[in-house]
Amino acid sequence: MRKSLKTLSFALLIILATSTCFELGLWQWHRAQGMAKFQKPQPERSVVELTNAASAGSNLRNTAFNRLVTFNASYEKNYVAPNQLVTFTDGTQSRKDLVVSLARLADNRAVLVVRGIYEGTFPEKQSSARVNGRLYPRQNVDQAEGGVGRLSRLDPALVAGDSGFTLFDGYVIATGGQIAAPQLLSQGGAFYWQHIAYVITWWFMGLLILSFPFYNRFRDAKLKGE
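None of the values given here were measured: they were computed from a predicted structure.

### A word on the layout of surface pockets
If you add up the space inside the largest pocket, you get close to 720 Å³. What lines the largest pocket is a set of 26 residues, and nearest its centre among them are L85, Y136, Q139, Y171 and L184. Here the lining of the largest pocket gets four residues from one element, more than from any other, and that element is strand 2 (residues 68-87). Counted by class, the lining of the largest pocket contains 16 nonpolar, eight polar and two charged residues.

The following block contains the structure:
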């Protein structure tokens, strides 16, 4: 009786350990598939007012990334953002200096807007403009050396000290010009394969655990044969 209980407990332990490894592998598989999904362009959502997609003074929500937005604003101040990787409407890409303006909305709020290629002069200030574009998360890596009137990266934190406005996180690339505003795709290819490696590891461990009782029987039979 005691031997039967011991055998049953051992079998249940094997089943539990194998099931756990399978579930962990399945979880990593789902994470890999979710990451692969965001490495492809997603169906476009409807255009919304900027203030419905994001809030000034708050971090940009994940749901706001890549969102097509529209808003009324006045262009208050211009900057140059050197050495930015630009996608043109014909699909080509190259490094260019960009004109970036601080666009003021109602209630003393403002957002950075990429307006075009910098060619030595800034566009005239506009007291009223309807801006259409795509909302992106702020850049975390410098693309060039900064300075007075120069942005080393597209990040509202760089203009917070000289604006006096409550700033929206991220920036907008205005559409309708020579610069395209494509969806920003995830660059997590290495993480995708890391998740796949975890899938293989967990399922291989499950197979090893499942084969353990058979290995013991094979070993015992071999010892008896000797």
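Additional details are given in the paragraphs that follow.
### Brief notes about the packing of aromatic side chains
Within the structure shown, the criterion is met by three aromatic pairs. Centroid distance F22 to W203: 5.7 Å. Interplanar angle 15°. Geometry classified as stacked. With F22 in helix 1 (residues 2-37) and W203 in helix 3 (residues 189-225), this pair connects stretches of sequence that are 181 residues apart. On the basis of relative accessible area, F22 is assigned to the partly exposed category, the value being 43%. Ring plane angle 20° and centroid distance 5.4 Å describe the contact between Y136 and Y171, whose orientation is recorded as stacked. Of the two residues, Y136 is situated in strand 5 (residues 129-136) and Y171 in strand 6 (residues 166-174); the sequence distance between them amounts to 35 residues. Seen from the ring of Y75, R115 lies directly overhead, with NZ or CZ sitting 3.7 Å from the centre.

### Focus: the pattern of salt bridges
Here the structure, examined in full by the defined rule, presents six salt bridges. Where R109 meets D107, a salt bridge forms, and the shortest distance between an N and an O atom there is 3.7 Å. What makes D107 exposed here is its relative accessible area of 65%. Two residues, R153 and D142, come together in a salt bridge whose shortest N-O distance is 2.7 Å. In this pair, R153 is assigned in the loop between strand 5 and strand 6 and D142 in the loop between strand 5 and strand 6, connecting sequence segments 11 residues apart. Sharing partners across several salt bridges, the network here consists of D142, R153 and D155.

### Digging into the environment of G170
Counting through the fold element by element, G170 comes out in strand 6. Measuring from C-alpha to C-alpha, the distance between G170 and L154 comes to 7.6 Å, with 16 residues separating the pair along the chain. What G170 contacts, discounting residues up to four positions off in sequence, is Y136, P137, R138 and P156.

### Comments concerning the pairing of strand 3 (residues 93-105)
The sheet contact formed by strand 2 and strand 3 spans 11 bridges and is antiparallel. Residue V80 lies in a different strand from strand 3, and its bridge partner there is V99. From the end of strand 2 to the start of strand 3, which pair antiparallel, there are five residues, and G91 there has a positive phi angle of about 95°. Two elements, strand 3 and strand 4 (residues 109-117), share eight bridges in a ladder whose sense is antiparallel. When the bridges of strand 4 are listed, S101 appears paired with V113. Where strand 3 folds back on strand 4, the antiparallel hairpin that results is connected by three residues, among which D107 adopts a positive phi of roughly 60°.

The rules behind these values
Residues numbered from 1 in each chain as written. Predicted model: local features only at pLDDT ≥ 70, side-chain atom pairs only at ≥ 80, totals over all residues. Heavy atoms only, no water. 1 Å grid on protein atoms, 1.4 Å probe; cavity = no way out; pocket = protein on both sides within 12 Å on 5 of 7 lines; lining within 4 Å. Points joined across faces, edges and corners; volume = space filled by probe spheres on them. Helix = DSSP H or I, 4+ residues; strand = E, 2+ residues; numbered from the N terminus. Nonpolar A, V, L, I, M, F, W, Y, C, P; charged D, E, K, R; others polar. Phe/Tyr/Trp six-rings, centres within 6.5 Å; stacked < 30°, edge-to-face > 60°. Buried < 20%, exposed > 50% of the residue type's maximum accessible area, 1.4 Å probe, protein only. Lys NZ or Arg CZ within 6 Å of the ring centre and 35° of its normal. Salt bridge = Lys/Arg side-chain N within 4 Å of Asp/Glu carboxyl O. Contact = heavy atoms within 4.5 Å. Pairing = 2+ DSSP bridges.

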